[in-house]
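Each chain, written out:
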Amino acid sequence: MEDCIRIVREHYDSDVQYEWDRLERHPFEFAITTKMMDRYIKPGDRILDIGGGPGRYSIYYAKNGCDVTLVDISEENIKFALEKSKETNVNIKAVSGDAREVSKFIKGEFDHIFVMGPMYHLLEEKDRIKALSEAMSLLKNGGLIYVSFILMFAGMIFYMKSTPEMLLLESEQIFIDSVLRGNSYAGDAFTKAFFIDQKSIIPFMDKFNLEKKHLFGQEGILAPCEINLLNQSQEAIDKWTAIAEQLCERDELLSYSEHAMYIGKKI
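Everything numeric here is computed off the predicted structure, so don't read it as measured data.

Undergrad: When you look at the overall build of the protein in this model, what are you seeing that I'm missing?
TA: In terms of helices and strands, the protein carries twelve helices and nine strands. Its C-alpha atoms give the protein a radius of gyration of 18 Å, within 12% of the compact-globule value 18 Å for 267 residues. Each principal axis of the C-alpha atoms in the protein carries an extent, and together these give about 50 × 45 × 35 Å. Burial analysis of the protein (267 residues in total) assigns 52% to the buried set. Within the protein, contacts between residues separated by at least 24 positions form 75% of all contacts whose residues are at least 6 apart in sequence. When the accessible surface of the protein is totalled, it reaches about 12500 Å², and 51% of it is carbon and sulfur. Of the charged side chains in the protein, 32 are positive and 43 negative, and the gap between their average positions amounts to 6 Å.

Here's what the structure looks like:
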């Protein structure tokens, strides 16, 4: 596992700007996710953003008047986030560290905890459980946790819209076979990554002392046709986004998204 963590860290250290720009290349994810999160997060709330990369969500909520602490495995992501926060005239606290040990270097209770990166890269379930247990230990009673997963069908969507010929590569057959069998997948992808079968999300989250509030697709129904949609007029983009927001919690449509988020209340 430690070799996996090193590979993931090196992946994100190598090109922080690319990761920062990701949500500009894929704006539907950010728009729909913040729309859902904004239902609960208000100015003055204390937020812990675990695995928040270069700080897109941290800086957004700091701008909205929240007290934000960012944790990420990549030291370069942390440096970038602190520089970007200065550029945008907001204050965030940020520290590099492992999600599985966050209580060792972060103290206190938080109103909201984001876990938007660790579930992408912790390949073994025991490590995913450890990371979420650590997050839960820092969440106040009645607080909310926001946990993101990469869905299994995200790989198929990527193939279809970006590189259809990759299906022919021998190296891709392990992943494709997992899709066909309805399993989750942990292994080589854009880096070491974990893709979850959507039916496994609720049973996994039921291991924790949480009341489910939402499970939704972070891109809604828009991921498969994202490239075409972003070439339309702003009026059309806005209309599609509004429709996607209304449909994002439909279980039968979840696989249209590349990412899913579970929002739960600590009880």
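Undergrad: What's the story with helix H2 (residues 16-25) in this structure? I'm lost.
TA: Since one α-helical turn is 3.6 residues long, residues separated by three or four positions face the same way. By the burial criterion, the buried members of H2 are Val 16, Glu 19, Trp 20, Arg 22 and Leu 23. Down the axis of H2, the buried set is contained in an arc of 135°. They therefore lie on one face. Its buried side turned inward, H2 meets helix H1 (2-14), helix H3 (27-37), helix H4 (56-63), helix H5 (75-87) and strand E9 (259-266).

Undergrad: Help me understand the layout of surface pockets, please; the structure alone is not making it clear to me.
TA: Remark: the empty space left among the atoms is shown by a probe the size of a water molecule rolled over them. Considering only enclosed or pocket space, the second largest pocket measures out at about 170 Å³ in volume. Along the walls of the second largest pocket sit Trp 20, Leu 23, Glu 24, Pro 27, Phe 30, Ala 31, Arg 56, Ile 59, Tyr 60, Lys 63 and Thr 88, which together make up its complete lining. Counting only elements with at least two residues in the lining of the second largest pocket, the list comes to H2, H3 and H4. Considering every element that reaches the lining of the second largest pocket, the biggest residue donor is H4, with four residues.

Undergrad: Is there a simple way to think about empty space enclosed by the protein in this case?
TA: Summed over all chains, the structure comprises one cavity of 30 Å³ or more. Empty space within the largest cavity amounts to approximately 30 Å³. By residue class, the composition of the lining of the largest cavity is five nonpolar, three polar and no charged.

Undergrad: Would you mind going over the packing of aromatic side chains with me for this structure?
TA: For any pair of aromatic rings, the description rests on two quantities: the centre-to-centre distance and the angle between the ring planes. In the structure shown here, the tally under the stated rule is twelve aromatic pairs. When the ring of Tyr 159 is compared with that of Phe 175, the centres are 6.2 Å apart and the planes differ by 80°; the resulting orientation is edge-to-face. On the criterion of sequence distance, the pair formed by Tyr 159 in helix H8 (residues 153-161) and Phe 175 in helix H9 (residues 173-181) is long-range, its members being 16 residues apart. Three or more aromatic residues joined by ring pairs make a cluster, and in this case those are Phe 30, Tyr 57, Tyr 60, Tyr 61, Phe 114 and Tyr 146. Here the basic side chain of Arg 25 rests over the ring of Tyr 18, its NZ or CZ set 3.9 Å away from the ring centre. The lysine or arginine in question, Arg 56, covers the ring of Trp 20, its NZ or CZ lying 3.9 Å from the ring centre.

Undergrad: Explanation requested: the nonpolar core in the structure shown.
TA: Nonpolar side chains in soluble globular proteins tend to be buried together. Membership of the largest hydrophobic core comes to 37 residues, with the highest contact counts inside it found for Met 37, Ile 41, Tyr 61, Phe 114 and Tyr 146. Of all the elements in the fold, those that place two or more residues in this core are H2, H3, H4, strand E2 (67-72), H5, strand E5 (139-151), helix H12 (234-247) and E9. Here Tyr 146 is in contact with Met 37, Tyr 40, Ile 41, His 112, Ile 113, Phe 114, Val 115, Met 116, Met 261, Tyr 262 and Ile 263, once residues within four sequence places are set aside. Counting 34 residues, the second largest nonpolar core, distinct from the first, contains Ile 5, Ala 99, Phe 149 and Leu 151.

Undergrad: What is the right way to look at the environment of Arg 100 in this model?
TA: In this fold, Arg 100 is placed in the loop between strand E3 (93-96) and strand E4 (110-115). Along the chain, Arg 100 and Glu 134 lie 34 residues apart, while their C-alpha atoms are 6.4 Å from each other. Within the local environment of Arg 100, its side chain forms a polar contact with the side chain of Asp 98, the two groups lying 2.7 Å apart. Among the polar contacts listed, one links the side chain of Arg 100 to the side chain of Asp 127, at a separation of 3.2 Å.

So, how was this worked out
Residues numbered from 1 in each chain as written. Predicted model: local features only at pLDDT ≥ 70, side-chain atom pairs only at ≥ 80, totals over all residues. Heavy atoms only, no water. Helix = DSSP H or I, 4+ residues; strand = E, 2+ residues; numbered from the N terminus. Rg over C-alpha atoms; globule rule 2.2 N^0.38 Å. Buried < 20%, exposed > 50% of the residue type's maximum accessible area, 1.4 Å probe, protein only. Contact = heavy atoms within 4.5 Å. Areas by Shrake-Rupley, 256 points an atom, 1.4 Å probe, with all protein chains shown as cover. Lys, Arg positive; Asp, Glu negative; His and termini not counted. Charge placed at Lys NZ, Arg CZ, Asp CG, Glu CD. Arc of directions from axis to C-beta. 1 Å grid on protein atoms, 1.4 Å probe; cavity = no way out; pocket = protein on both sides within 12 Å on 5 of 7 lines; lining within 4 Å. Points joined across faces, edges and corners; volume = space filled by probe spheres on them. Nonpolar A, V, L, I, M, F, W, Y, C, P; charged D, E, K, R; others polar. Phe/Tyr/Trp six-rings, centres within 6.5 Å; stacked < 30°, edge-to-face > 60°. Lys NZ or Arg CZ within 6 Å of the ring centre and 35° of its normal. Core = buried A, V, L, I, M, F, W, Y, C linked by side-chain atoms within 4.5 Å. Polar contact = N/O pair within 3.5 Å; in protein donor to acceptor, adjacent residues only side chain to side chain.

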